[in-house]
Amino acid sequence: MPTIAIVGAGPQLGLAIARTFGSHGFDVALISRNRAKLDDLVGRLTAEGITAAAFPADVLDRDALAQALKAAATQFGGIDVLEYSPVGTLGATALTTPSETEPSHVQHEMEFQLYGAIAATKAVLPAMREAGAGTLLYTTGAGSIDPVPQVGNVNAAAAALRNWVINLHKELTGTGIQAAHVGIDVSIGLSVIPGFPTAQPKEIAPVYWELHTTHRDEAEHVFTL
């Protein structure tokens, strides 16, 4: 069975992506910091007939992240799709405008978004190169494309990840490996900004399947309503 590893798996988009790929015969490796939350997701997927397992790791701990992905590959016989979409803890990140931003404000976001993505990629890409097949998908908010001053530091790191992913897509052309960025220009699940469009996770998740299957030449998809 093919396998998807979801880094930053949670009960919203991560679970929806797991269900989408699981319904097409994929095993699912779930990676995030909280073991209890992962076990809950595994239980929900298992009840739906999807084979899933939890591999706890913090994306800020490069060695732990690499070990989690290695363990997932060992248990499931490889990783065919990597999806990277961790979300920071609410209130843990100081949000700054561009003029207020100090280097330290961006550094944490770079560690979380860009450096974690690079570490995860390095853990799975060699086997994909050897197989001549694979899919690498990375998620940010649409502020990586059209930045918003109120979250200038977060947008800067997201834009760095987007740039790196699109460049990776170019590098991997012709190898059988797809790399793509997904920019989400909606609130997911619940409206957090008055007047800003909202979409349910199950509406967004098919984008990832389409990139893996029928839009493999695309370096980016922006989800909007």
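Look a little higher up for the structure.
Since the structure is predicted, the reported quantities are computational estimates derived from the model, not experimental observations.

Rules of the game
- Residues numbered from 1 in each chain as written.
- Predicted model: local features only at pLDDT ≥ 70, side-chain atom pairs only at ≥ 80, totals over all residues.
- Heavy atoms only, no water.
- Core = buried A, V, L, I, M, F, W, Y, C linked by side-chain atoms within 4.5 Å.
- Buried < 20%, exposed > 50% of the residue type's maximum accessible area, 1.4 Å probe, protein only.
- Helix = DSSP H or I, 4+ residues; strand = E, 2+ residues; numbered from the N terminus.
- Contact = heavy atoms within 4.5 Å.
- Axes fitted to C-alpha atoms, helices over the stretch in contact; angles between N-to-C directions.
- Parallel < 35°, antiparallel > 145°, perpendicular 65-115°, else oblique.
- Left-handed = near helix turned anticlockwise from the far one by under 90°.
- Nonpolar A, V, L, I, M, F, W, Y, C, P; charged D, E, K, R; others polar.
- Pairing = 2+ DSSP bridges.
- Salt bridge = Lys/Arg side-chain N within 4 Å of Asp/Glu carboxyl O.

Participant: Whenever I open this one, the nonpolar core confuses me. Can you help?
Facilitator: Core analysis: the biggest nonpolar cluster contains 35 residues, and Leu69 and Leu136 have the highest contact counts within it. Ranked by residues supplied to this core, first place goes to helix 4 (residues 103–131) with ten residues. The residues contacting Leu136, other than those within four sequence positions of it, are Leu82, Thr121, Val124, Leu125, Met128, Leu168, Leu172, Ile177, Gln178, Ala179 and Ala180. Membership of the second largest hydrophobic core comes to 33 residues, among which are Leu13, Leu38, Ala180 and Val186.

Participant: Looking at this structure, I do not really get the packing of helix 1 (residues 13–22) against helix 2 (residues 35–47). What am I missing?
Facilitator: Two numbers describe a pair of packed helices, the interaxial angle and the distance between the axes. It is the contact of helix 1 with helix 2, at a shortest axis distance of 11 Å, that shows an interaxial angle of 30°. As the angle between them shows, helix 1 and helix 2 are arranged roughly parallel. Between helix 1 and helix 2 lies a crossing of right-handed hand. Of helix 2, the residues touching helix 1 (which contributes Leu15, Ala18 and Arg19) are Leu41, Arg44 and Leu45. For the contact of helix 1 with helix 2, a count of residues per class yields four nonpolar, no polar and two charged.

Participant: What is the right way to look at the sheet that holds strand 5 (residues 134–141) in this model?
Facilitator: Backbone hydrogen bonds hold the strands of a sheet together, and the pairing may be parallel or antiparallel. Spatial strand order, 3-2-1-4-5-6-9: seven strands in an open sheet with parallel pairing. Of all the strands in the sheet, the pair left with one neighbour each is strand 3 (52–54) and strand 9 (220–223). Along the sheet, successive strands turn relative to each other by an average axial angle of 15°, direction set aside. Each of strand 2 (27–31) and strand 3 touches helix 2; the most contacted strand, strand 3, lies at about 175° to it.

Participant: Which parts of the structure should I look at to understand the pattern of salt bridges?
Facilitator: Oppositely charged side chains can pair when the atoms bearing their charge come close. Summed over all chains, the structure comprises six salt bridges. Across the pair Asp40 and Arg44 runs a salt bridge, and its minimum N-O distance is 3.6 Å. Taken together, the residues span about one helical turn, with Asp40 and Arg44 both in helix 2 at a distance of four residues. Between Glu111 and Arg62 there is a salt bridge, with its nearest N and O atoms 2.3 Å apart. One end of the pair, Glu111, is in helix 4; the other, Arg62, is in helix 3 (residues 62–76), with 49 residues separating them in the sequence.

Participant: In this structure, what is going on with the pairing of strand 4 (residues 81–84)? I would like to understand it.
Facilitator: Sheet faces and side chains relate simply in a regular strand, where the side chains alternate between the two faces. Side-chain alternation along strand 4 places Val81 and Glu83 on one buried face and Leu82 and Tyr84 on a second face that is also buried. As paired elements, strand 1 (residues 3–7) and strand 4 share four bridges and run parallel to each other. Each residue of the ladder has a partner; that of Ile4, found in strand 4, is Val81. The pairing of strand 4 with strand 5 spans four bridges and is parallel. Note that in strand 5 the partner of Leu82 across the bridge is Leu136.

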